[in-house]
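# Observations on chain architecture
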Amino acid sequence: MIQLIRGFKDILPEETPLWRHIERTATALFEDFGFREIRVPIMEKTDLFARSIGEETDIVEKEMYTFPDRKGDLITLRPEATASIVRSFVQHKLYAQKPVHKLYTIGPMFRRERPQKGRYRQFYQIDAEIFGDGSPYEDAQLIFMLVTLLERLSVTDTSAHINSLGCPACRPDFKAGLQAFLADKGQVLCEDCLRRRENNPLRVLDCKVPACRDAVADAPDLLDYLCDDCRNHFDTVQRALADLGVPFEVDKRLVRGLDYYTRTAFEIQTGALGAQSAVAGGGRYDGLVRALGGPDQPASGFAIGFDRLAEIVAMVQNDLQRPPALFVAALGEACRAAAFDWVCRLAVAGVNAEMSTTERSLKSQMKQAHRLGAPRVLIFGDDEMARGEAMLRDMATKEQQALPLEGIVETLQTILMAK
Ligand code: HAM
């Protein structure tokens, strides 16, 4: 038997109602906040990700599914959606249409990480981005929208962590301070960090190797290096969140694993999934649109780990399976043929009815109806046919009601849709 690829997974029919519930809840909320859907390809030129996420990040160095296509061009299965959305935003000059764009997308991403609970090689993200508004209020609104979504999904055991990563004006000072701090840590840092220490020391703060984590425990804080503009921006984000009643924690160690961030960075963390604590992450990335060939446009956004969110929501909501509204228990070929016609016509009218298409005893069909969770069964055998009726049985109260065959689909529709 051929099995699926390690780190990939099927989302089975018993899980999809939950996924769709999350998707519907998220899109309805996002649309109320003025977001519109965009769909971008799942493959892009490798350069796009290298240039936006950053050459020295774990994602680009170790995790991307990159391969030459048949002509030898390097292409990559997208590890995230932001780079593609920025590419699309720039390529189609969306910025020329109106000053602010709010976009969302939902789809699969690919990272070749070590698979474990909550971490997959193909996973899904619900991604939201705002272009054209550099205000701290937008950052607060993104976090508020995220927290509201979690509330609507009854996910409570989460906390919002925020930090500021500075801007091109103040980050070089921090970089120099951090490099000075790391100068005598050569003995303990991992090979990647030794390299990153030179060009991109912020990445050392993000390293998952325990020795590196210990080594940076007393590293300088970015927040102490913020310029006045960044400090004011961060203060306003915090004030806006407090005014909106969103609890948050300032987390000085939060640097995020992608290079494009400026100023606000945030994560929603949970204790529910063991080591994989981030359900969502995001932040501001004011330089990326320009870096990818567009105008100087501020931007910020986030992505939710859909798989992780679904795992958490499954712990609190498990009643999303939709049973059929009716089971038709037909006995004998003539009755079965009529029942088949009713079942098809009910489906067209928006009512899910099920039946057995092979000959089975009434007892066995009642069992099947029970297993499917159908609240009503329509019993139709030769006797009923002779009387010109079918018997509708309520499975909970055991009450029975004779329905005339004449116009039975419409009658059923009225009864079943009323509930
Ligand atoms: P990220 O932090 O790399 O950010 O990913 C966002 C979320 O995707 C994570 O918090 C996590 O829930 C989920 N995730 C990441 N990797 C995996 C995995 N291997 N398996 C399961 N879930 C995973 C970004 O991707 C940015 N593009 C977010 C953003 C949008 N920033 C600005 N705009």
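Coordinates for the structure precede this section.
So, here is what we can say about the structure in this document. Owing to the predicted nature of the structure, the values given are computational and were not obtained by experimental measurement.

### Details of the pattern of salt bridges
Charged atoms that come close allow side chains of opposite charge to pair. Evaluated as defined, the whole model comprises 26 salt bridges. Ionic pairing is found between Arg39 and Glu37, a salt bridge with its closest N-O pair at 2.9 Å. On the basis of relative accessibility, which here comes to 70%, the residue Arg39 falls in the exposed class. Residue classification places Glu37 among the partly exposed residues on the basis of a relative accessible area of 39%.

### Points about helix 15 (residues 408-418)
Buried within helix 15 are the following residues: Ile408, Val409, Leu412, Ile415 and Leu416. The buried residues of helix 15 all sit within an arc of 130° when viewed along its axis, so they share a single face. Relative to its buried face, helix 15 has exposed residues pointing more than 90 degrees away, namely Thr414 and Ala418. Summarising the contacts, the buried residues of helix 15 are in contact with strand 12 (326-330), helix 12 (333-348), strand 14 (376-380), strand 15 (389-394) and strand 16 (400-404).

### Some remarks on the state of the cysteines
For the coordinates displayed, the defined rule picks out zero disulfides. Take Cys190: it sits in no disulfide, and the sulfur closest to it among the cysteines is that of Cys193, at 3.7 Å. Given the relative accessible area of 18%, Cys190 is considered buried. With no disulfide partner, Cys193 has as its closest neighbouring cysteine sulfur the one in Cys207, 3.6 Å distant.

### Focus on the site of the ligand
Near the ligand you find 27 residues, and of these Glu80, Thr82, Glu113, Tyr261 and Ala278 are the closest. In this structure, a nitrogen atom belonging to the ligand sits 2.8 Å away from a side-chain N or O atom of Thr82. Arg111 places a side-chain nitrogen or oxygen 2.9 Å from an oxygen atom of the ligand. Within the complex, 96% of the 650 Å² of free accessible area of the ligand lies under protein. If you map the ligand onto the pockets, it falls in the largest pocket. Looking at which element gives the most residues to the shell around the ligand, the answer is strand 10 (residues 278-284), with six residues. For the shell around the ligand, the per-class residue count stands at eleven nonpolar, eight polar and eight charged.

About the cut-offs
Residues numbered from 1 in each chain as written. Predicted model: local features only at pLDDT ≥ 70, side-chain atom pairs only at ≥ 80, totals over all residues. Heavy atoms only, no water. Salt bridge = Lys/Arg side-chain N within 4 Å of Asp/Glu carboxyl O. Buried < 20%, exposed > 50% of the residue type's maximum accessible area, 1.4 Å probe, protein only. Helix = DSSP H or I, 4+ residues; strand = E, 2+ residues; numbered from the N terminus. Arc of directions from axis to C-beta. Contact = heavy atoms within 4.5 Å. Disulfide = S-S within 2.5 Å. Near = heavy atom within 4 Å. Polar contact = N/O pair within 3.5 Å; in protein donor to acceptor, adjacent residues only side chain to side chain. Areas by Shrake-Rupley, 256 points an atom, 1.4 Å probe, with all protein chains shown as cover. 1 Å grid on protein atoms, 1.4 Å probe; cavity = no way out; pocket = protein on both sides within 12 Å on 5 of 7 lines; lining within 4 Å. Sits in = over half its atoms within 2 Å of the grid points. Nonpolar A, V, L, I, M, F, W, Y, C, P; charged D, E, K, R; others polar.

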